[in-house]
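A closer look at the structure
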Protein chains: 2
Amino acid sequence: MNVLFVVCDGMADRPVRELGRRTPLQVAETPNMDALAEMGITGIVDPVAPGVPPGSDVANMALLGYDPYKHYAGRGALEALGAGLDLAPGDVAFRCNFATLGPSGVVEDRRAGRIRTEHATRLAEALRSVAEEVGSQFGIRIEFVPTVEHRAVLVLRGEGLSRAVSDTDPGEAGRPGRECVPLDGTPEARRTAEIINLLSERFRRALEAHPLNRRLPKPANAVLFRGAGTLPRLRTLRELYGIEGACISAVALVKGVCRAAGLRLLDVPGATGSYNTDLNAKFSSAVEALREGADLVYLHIKATDLASHDHAVGRKVELIERIDKALGSALDALDLEDETYVLVTADHTTSLRTGKHEGDPVPVVLAGPEVRPDNVDRFDEISCARGGLCRLRGTDLMPVLMNLLGRARKFGF
Amino acid sequence: MNVLFVVCDGMADRPVRELGRRTPLQVAETPNMDALAEMGITGIVDPVAPGVPPGSDVANMALLGYDPYKHYAGRGALEALGAGLDLAPGDVAFRCNFATLGPSGVVEDRRAGRIRTEHATRLAEALRSVAEEVGSQFGIRIEFVPTVEHRAVLVLRGEGLSRAVSDTDPGEAGRPGRECVPLDGTPEARRTAEIINLLSERFRRALEAHPLNRRLPKPANAVLFRGAGTLPRLRTLRELYGIEGACISAVALVKGVCRAAGLRLLDVPGATGSYNTDLNAKFSSAVEALREGADLVYLHIKATDLASHDHAVGRKVELIERIDKALGSALDALDLEDETYVLVTADHTTSLRTGKHEGDPVPVVLAGPEVRPDNVDRFDEISCARGGLCRLRGTDLMPVLMNLLGRARKFGF
């Protein structure tokens, strides 16, 4: 038996005025998710705890069964893992954005107009020697690796570093970039902040001079750093449950969490992490991986979250309907009678109104051979609150699944 | 956006034989609470944990978001805070009752016939010099302050004190007053017990001699001490969420918990903490405070609890109906579409049959701009158990509210 674990990023929402005070999931036509609800069991899940808005790192960590209050050690390291970098204990990694700064140092666009990946790659090439130079000055190695669009990863490798440093990213446009400051009194934090500030300045100089930037409508003339983190030490799902799992996601951060959990990363052409992502390709790859023997496939879809961040009501509804269609094809190819459990949920609520992650619970549906069905037949935030799973925590889902797979370890005799 | 947080003390109940095995909330006509249920989301809440009967101090602490298992440090200090006294770390405070003792030392009435506040105040004046004298004997300062009816507060201020001492209050009438004994092996606990026993005896002598007591049908000829406590160190709601909150309660203990949480105490003329309390005045003050900019008003109503303690079935039903009416006027003055969240709950179950706090969950209803409505349309213990909030803990409510107000801090990125 195996599991398809589908996580639609930020899919859960609050009642939306433009939708007649209903949620996108209530409004969207989702015959396949509804069919899962009808045959399976539903509930609501607090990714971390009631009322606590989780970041995607924390939320996906929790959904994979790891208590983020115990294990979370910053986003940067997860992002780096997801970008394919390996980290050693002591390395400190940052999440980075190419950004557009105005002449006075104010951040005009935190994503440099969502710069195209190939452009970011070219700019990053020019930054490699700058990073090496600053690194050698401090006796460490510095790697700067672009990922998707404006996103990149920075890793400081060596001794005497700390993740207790602040972000240079002000978090929203219209504010000046910040200085990196140590967050505790250690010499390691002081030194790390010094490195980041020097790097920040040198990167800026190199980017200003780059010919590509003259052609871009929003020049990527700075790199913002945030989320300093070190490697989380997780026991893998193989160690915990003896399963072989795989992950499909276009988001480096989620890939990083999955890698930390010991999941194999599947590369799906056409999976972009954006609106244009190829959902059919992702679901097909998931089905294939299950056929080839994976015990669990963690399938993550980013675009729903983007729609909320962009306050794009219609787009979010449409995306949910597209996901439902792609899910439908997968369901046709899977045997939910005897072989496969399918779980669909969101990693958190992202409000179309606020554009932010919120602490409201998310709906969950679980169907497959031996679930105890309830009498909910719609998949949305309101219907699932009446479901047979009642209200769970994010970290509960993996044990619930492993129990159904016969992989749970007995406690006591 | 803001919140009106209504807590009706001990309002929740078990099915009552005299009410055809229904609860007072099921029987009472509560069109306004029911309207909130219909438009909002409902659930049940374990103030502390399933099956654990909480004291009012513990319950209100939990409802304000503080884990009492971490933060509770005895009732006395909270009572003292609520009576307007300030406490320093190390001070030990007690909750006190004027009581009627029979000739053999047996407690005949733990509340001295619910002695009137002005009588208690006159008696307390006579005890001031006694307290000073005993204090100086031990090199500490002793304050004895009457609050409402038979209730008073004692504070021991100085070095070498401990809250690890037992109560002299036997807890029910018909038993003899107890000696105060140390609850651990420290010299501080031994010394504190010694102080209380001496004080107890001197108070008794002074009260026996007081002319007022000759006129009282149940002479207040003793003071019983209980709930030794020290100052709880809570991060205020302002520190935690950046909100400005206010509290309306006539009960010193609840006021103390609210003060410890950083809430401003609003004085409402006519709020007595008893059956004759002016509910309309309390709700009007709450609405006014919200209009004047408070982010949260914690409105506590004591009388429902008294009715249960007094086994007064009809009275409890009638009180719930009176609360519902006063709530209705407040709802008319509030904008639940865009501005205000209203939460109604109880701090615990108080059983009309047993007259005691019980560990059953309490119903909760939450209505306001962006809640996800459920299909519950009645506010009572049974209906709300089918609600969309499912079953929460007391400490979950504040994060849930702060999340809706946009005041919750994100965990992770």
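This text goes with the structure placed above it.
Here we summarise the structure given alongside this text.

So, the interface of chain B and chain A
Contact residues are listed per partner, giving 25 residues for chain B and 38 residues for chain A. Roughly 2,500 Å² is buried in total at the junction of chain B and chain A, and carbon and sulfur atoms are behind 52% of that figure. Of all residues in chain B, the largest losses of buried area upon contact with chain A belong to R372, F411 and F413 of chain B, amounting jointly to 38% of the total for that side. One can count 4 salt bridges joining chain B with chain A. In this structure, D338 of chain B and R17 of chain A form a salt bridge, with 2.4 Å as the shortest nitrogen-oxygen distance. Inspection of the region where chain B meets chain A yields 14 residue pairs in polar contact (both at pLDDT 80 or more). With 5 residues, helix 14 (residues 394–404) of chain B is the single largest residue contributor to the side of chain B that touches chain A.

Section: the sheet that holds strand 8 (residues 245–248) of chain B
All names here are of chain B. Taken in spatial order, the 8 strands of this open sheet run 9-8-10-1-11-14-2-15, and their pairing is mixed. In this open sheet, the two edge strands, each paired with only one partner strand, are strand 9 (264–265) and strand 15 (391–393). Bridging between strand 1 (residues 2–8) and strand 10 (residues 296–301) involves 6 bridges; their strand directions are parallel. Looking across to strand 10, one finds that V7 is bridged to H300. Across the face of the sheet, helix 11 (residues 279–291) comes into contact with strand 1, strand 8, strand 10 and strand 11 (340–346) while running at roughly 170 degrees to strand 10. Strands strand 1, strand 2 (41–46), strand 10, strand 11, strand 14 (362–367) and strand 15 of the sheet are contacted by helix 14, whose axis makes an angle of about 100 degrees with strand 15.

Comments concerning the sheet that holds strand 1 (residues 2–8) of chain A
Two orientations exist for strands paired in a sheet by backbone hydrogen bonds: parallel and antiparallel. Residue and element names in this part refer to chain A. An order of 9-8-10-1-11-14-2-15 is seen for the 8 strands of this open sheet, with the pairing classed as mixed. The sheet terminates laterally at strand 9 (264–265) and strand 15 (391–393), the two strands that pair on one side only. Judged from the 4 bridges that link them, strand 11 (residues 340–346) and strand 14 (residues 362–367) form a sheet pairing that is antiparallel. Considered in strand 14, the bridge of V344 is made with V365. Together, strand 1, strand 2 (41–46), strand 10 (296–301), strand 11, strand 14 and strand 15 form the strand contacts of helix 14 (residues 394–404), whose direction differs from that of strand 15 by roughly 95 degrees.

Quick look at the state of the cysteines
Applying the stated criterion to the full structure yields 0 disulfides over all chains. Its sulfur unpaired, C258 of chain A is 3.3 Å from the next cysteine sulfur, which belongs to C247 of chain A. Here C258 of chain A falls in the buried class, since its relative accessible area comes to 0%. Here C390 of chain B stays unpaired: no disulfide links it, and the sulfur of C390 of chain A, its closest cysteine neighbor, is 5.9 Å away. The class for C390 of chain B is buried, based on a relative accessible area of 11%.

Focus: the relation of the copies chain B and chain A
With an RMSD of 0.2 Å, the operation that places chain B on chain A is a rotation of 123 degrees combined with a shift of 0.3 Å along the axis. In the structure described here, the two chain copies are related by an operation that fits a three-fold rotation axis. When you check the interface residues of chain B against chain A, a mere 4% turn up at the interface there too, and the two sides of the contact use different surfaces.

Rules and cut-offs
Residues numbered from 1 in each chain as written. Chains lettered and ligands numbered in written order. Predicted model: local features only at pLDDT ≥ 70, side-chain atom pairs only at ≥ 80, totals over all residues. Heavy atoms only, no water. Contact = heavy atoms within 4.5 Å. Buried area = accessible area lost by both parts, 1.4 Å probe. Salt bridge = Lys/Arg side-chain N within 4 Å of Asp/Glu carboxyl O. Polar contact = N/O pair within 3.5 Å; in protein donor to acceptor, adjacent residues only side chain to side chain. Helix = DSSP H or I, 4+ residues; strand = E, 2+ residues; numbered from the N terminus. Pairing = 2+ DSSP bridges. Axes fitted to C-alpha atoms, helices over the stretch in contact; angles between N-to-C directions. Disulfide = S-S within 2.5 Å. Buried < 20%, exposed > 50% of the residue type's maximum accessible area, 1.4 Å probe, protein only. Least-squares fit on C-alpha atoms with pLDDT ≥ 70 in both.

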